[in-house]
Amino acid sequence: MTVAVLGDGIVPLRIEPNQDGKEEVSTDFTCSLGDQNNVKARVVLMNGHKTLNEHYFKQAASKKDTWPFSGNGDKFRTMIIFCDELEYKHGSGSKDSSLVLSSADGTFFVSIDTPFVAQGGQPSAPNGKLTAVHCLTPLYGMSEPHWVIEYMEHHLAAGVSHLHIYNYDLFTPELKSVFEEYQRLGVITYHDWSNEGSGLYTQNPTYEHAKWTASTDCLLRSRGLYDYALFGDIDEVWLGDTTTDAPGDVGSGLAQCQKAHEESNGAKIGCCVHSHTMTSVYSKLTSEEEAKNMLLLRRYSRSEAGPHCPGNCECLQYGPDPNGGPTKVCLDMYRKYAKGRQKYIVNTRDLAIEPRPLFTHAISRDNDEMDRIMEILPDDSLHVRHYQGHWLARKGLLETLEEKSVPIPDPILNKVEQNIKTSQKLSEIYNSRVTKGVEWITPIDRAPILVDAQQQQVSSDDDGEIAVEDELAAEIVRGAAHLPDGTTDLKFRPGTLPLKTTDALQICYSDKDVYKEHFRRGATDRVSVSEEHKLIYVMLPKSGSSTARFMMENKFGAREKSENFLEFGTGSLANYTVLSFIRDPLSRFFSQYDEAYARTGPWQRGYRKEDGYTHPAPYLFENLGSYRDYEDIFCPPETRSDRKECTFRETQENGTLAARLERYAFEYDGRVPFDIHLHLQVPLLSFRGTGRTVHIDEVYNTTAAKVGWESLAKRHRVDLSAPNKDGGAGVIQGRSYPRRFDKKYISDRTKQRICELGMLDYCCLNLPLPPPCSNLYCRLDEAGTDGNPLRIQPWSHPESKKAR
């Protein structure tokens, strides 16, 4: 087993360009252990937005900066020293020897006597659930126990297996007792990170008490023991998908990150998540609220309504408020990595991934590299709730800031309360005094300006000011209310109805004139039918259909044939369960467009000039006469040695393809798709003649496809572990080619437009809008004439926004 040493500061190394002009780090010192002497040392530094030389040497050039270690700013000196050829021999005398790092000229000598930590090798959880460890950055500046206890309990309730605590100065008797209790329970590993405990290394000049070193130390200790490590601060709370059977559990995000890792053949080694600013921490609690001693996590349930630049995003373009407001707003923002205060998770299971020093908002400060090795997860999969906002307070924006209600799911908070209550020691400490809030915030008297289901938000539309009435819409679909007298319809936000997807579909209406080109050509179409298990799968392109067709055939013995959708749930099909899979429309559009683009290029039979075909958007293929021309854009000749590399390689396009997608999104009227793969999901589940949906019993979301198939298999007693025809087993992944356009070039303004085009799906599938989409609404009326008066549809139907 080779030896790796975590370090910080100045060591004898050189950073010089190699033959290719790239920076290369070489060392002028060696490693020695026991009878193994002068083994070559190798140093890995943190990558940044400048050169390694600038980050390591030149950023300390200021005469005022005499601190030899990493500091706040761009001085990156945290490192991992690898002694690749040195073998650490368990059970031999070498384990009792000191590791010596020394230079030949004697000017550098370090003797390391601390015990080595053996590399982990713990197997994955037997139930197949991915495991997570939380690497909490150094704790400082707190004296009260309430938040610390709630923080620990929340993450344990949300699916975190273990936490590493690096304690700089939380040494009050109460907090010491809290840490001792969690150590006794075996759920934390405690590290004395104080000045005394670190030999003065973690004192103030080091960035946030050696945050990067603590994170990297936790990474090294966690490899092989857990599937993923989460990295964040004490004021950042992690929360997973709130719509699953385990609402808020981080497992949803871990699963998506693992999927990205596998689909990229290991290239994606971690994932970034967005940060939501929980501005309600600035609201002063009333004396009555303080007396209740309510969980702080319950009290602080409001976040800013949307990202505020430049605090947690970078605005790329300002312009007139599309809602008619008097001031300019950000129309296109960049929210990645440091610009968006993102946090991240890293794969710690795959030991083939070499460890490296870790940055604050991503694995490194090199954004281009991060685009290649990190996936950015959607907010509804995993995000952090940042109980902070000093950038808003400094600018005096808190009193006018719009907020939305985003409470942590009750199952998690109930578990937090129950665990505190049932632990005698924690309960005594928690209830020994009343807290006035979090200690790092000075609250103010401020009335919330809410944009949520409990308030009537007024938005400016072409047809005047219309109140958004989520709560009333919810009451109506429950059957507990009707439209007020004199009102023909009401406006509500997508994803707010208290309905399952199947129930929302039953009151959906697809306008027969607007969406006529999105319906199937007739009532009969091909479906996948399992006679043995009485299952019918309705195919929706780019919504997990490749996986579903494979699973139906290989696991449920289905075959594909034509069926009349009018007969679902009746006659000979009365006992069949009709199911389908759906996908978030924004995510789906990117896959739809990529597929439709490749299928209708001028190199495809039937779409060539000589075939007499004229593409409705010819600018998409400008200067592209063949597939090779297309391939040369996303896989440029200078980046490849063979064209075979291009099939599964991440795109290297320069924004040309993304720009064409953006143009198409605005010029497309949403009504006449040029390929079947661009059809909306809801019309494909509806009848052309009525606009109403077909009989459907079960709908699964592709974000939890594996869980859906496992649930079906369990109910039908199907063994998913049995070998498939291809020799594999379990839930297979469908066809997966990297996108040919680069999504990083797609602006938030374009994403908003894509959401607008997909509003029929968002409304009828009861899906919330993903960031950055906002201010798009649904309509609920009682104009149905088919025995069901309720109808859901978009508030406004899409139209082309082609410049005139």
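Above: the structure in question.
The residue numbering used here restarts from 1 in each chain and proceeds along that chain's sequence as written. Local features in this predicted model are restricted to residues of pLDDT 70 or higher, and side-chain atom pairs are both shown and tallied only at a pLDDT of 80 or more, whereas totals for entire chains, interfaces and linings draw on every residue. To obtain the side-chain values, all non-hydrogen atoms of the structure were included, while hydrogens and water were left out.

Okay, unusual backbone geometry next. Among all residues save glycine, negative phi is the norm, and among peptide bonds the norm is trans. Between Pro771 and the following residue, Pro772, the backbone shows a cis peptide bond with an omega angle of 5°. Structurally, Pro772 can be placed in the loop between helix H21 (759-764) and strand E33 (778-781). Positive phi values are uncommon outside glycine, yet Asn265 reaches one of about 55°. Comment: elements are numbered from the N terminus, with helices defined as DSSP H or I runs of at least four residues and strands as E runs of at least two. Mapped onto the elements of the fold, Asn265 is located in the loop between helix H5 (251-263) and strand E15 (270-273). On the basis of relative accessible area, Asn265 is assigned to the exposed category, the value being 69%. In this model, Arg341 sits at a positive phi of 50°, which is unusual for a non-glycine residue. With respect to the secondary-structure elements, Arg341 resides in the loop between strand E19 (329-334) and strand E20 (343-347). Remark: exposure states derive from per-residue accessible area (1.4 Å probe, protein chains only) relative to the maximum for the residue type, with buried under 20%, exposed over 50%, and partly exposed in between.

It is worth spelling out the side chain of His55 at this point. Structurally, His55 can be placed in helix H1 (residues 52-56). For His55, a relative accessible area of 1% corresponds to the buried category. Two residues qualify as a contact provided that any one of their heavy atoms is within 4.5 Å of a heavy atom in the partner residue. Here His55 is in contact with Gly48, His49, Lys50, Asp74, Lys75 and Phe76, once residues within four sequence places are set aside.

Take the packing of helix H14 (residues 545-556) against helix H19 (residues 705-715) next. To define axes, lines are fitted to C-alpha atoms, for helices over the stretch in contact only, and angles between the resulting N-to-C directions are given on a 0 to 180 degree scale. Across the interface, H14 lies against H19 with an axial gap of 12 Å and an inter-helix angle of 20°. One way to sum up the angle between H14 and H19 is to call them roughly parallel. Remark: the crossing between H14 and H19 carries right-handed chirality. Contact with H14, carried on its side by Thr547, Ala548, Met551, Met552 and Phe556, involves Trp709, Leu712 and Ala713 of H19 and no other residues of that element. Here the nonpolar group is Ala, Val, Leu, Ile, Met, Phe, Trp, Tyr, Cys and Pro; Asp, Glu, Lys and Arg are the charged ones; every other residue, Gly included, is treated as polar. Partitioning the contact of H14 with H19 into residue classes produces 7 nonpolar, 1 polar and no charged. An angle below 35 degrees is read as roughly parallel, one above 145 as roughly antiparallel, one from 65 to 115 as roughly perpendicular, and any other as oblique. Take the far helix as the reference: if the near one is turned anticlockwise from it by less than a right angle, the crossing is left-handed, and if turned clockwise, right-handed.

This part is about the packing of aromatic side chains. One pair of aromatic rings is described through two measures. These are the centre distance and the angle between the planes. Two aromatic rings, drawn from Phe, Tyr or Trp (for Trp, its six-membered ring), form a pair once their centres lie within 6.5 Å of each other, and the interplanar angle then sorts them: stacked below 30 degrees, edge-to-face above 60, tilted otherwise. Summed over the entire model, instances satisfying the criterion amount to 33 aromatic pairs. With a centroid separation of 5.4 Å and an interplanar angle of 75°, the aromatic rings of Trp67 and Phe69 are classed as edge-to-face. A ring pair is formed by Tyr593 and Tyr597, whose centres lie 5.7 Å apart and whose planes are at 45°; its orientation type is tilted. You can see Tyr593 and its partner Tyr597 sitting in helix H15 (residues 585-599), 4 residues apart, about one turn around the helix. With relative accessibility at 2%, the residue Tyr593 sits in the buried group. Ring-over charges, as used throughout, are those where CZ of Arg or NZ of Lys falls within 6 Å of the ring centre and within 35 degrees of the ring normal. When the ring centre of Trp391 is taken as origin, the NZ or CZ atom of Arg341, which lies over that ring, is 3.7 Å away. The residue whose ring lies beneath Arg791 is Tyr509, and the NZ or CZ to ring-centre distance is 4.4 Å.

Spatial strand order, E1-E7-E6: 3 strands in an open sheet with antiparallel pairing. In the strand order of this sheet, the two ends are held by strand E1 (3-8) and strand E6 (42-45), each with one partner. Strand-to-strand twist of the sheet, defined as the mean angle between neighbouring strand axes without regard to direction, takes the value 25°. Strands were regarded as paired on the criterion that DSSP finds at least two bridges between them. In terms of strand pairing, E1 meets strand E7 (residues 78-83) through 6 bridges, oriented antiparallel. The residue of E7 that forms the bridge with Asp8 is Thr78.

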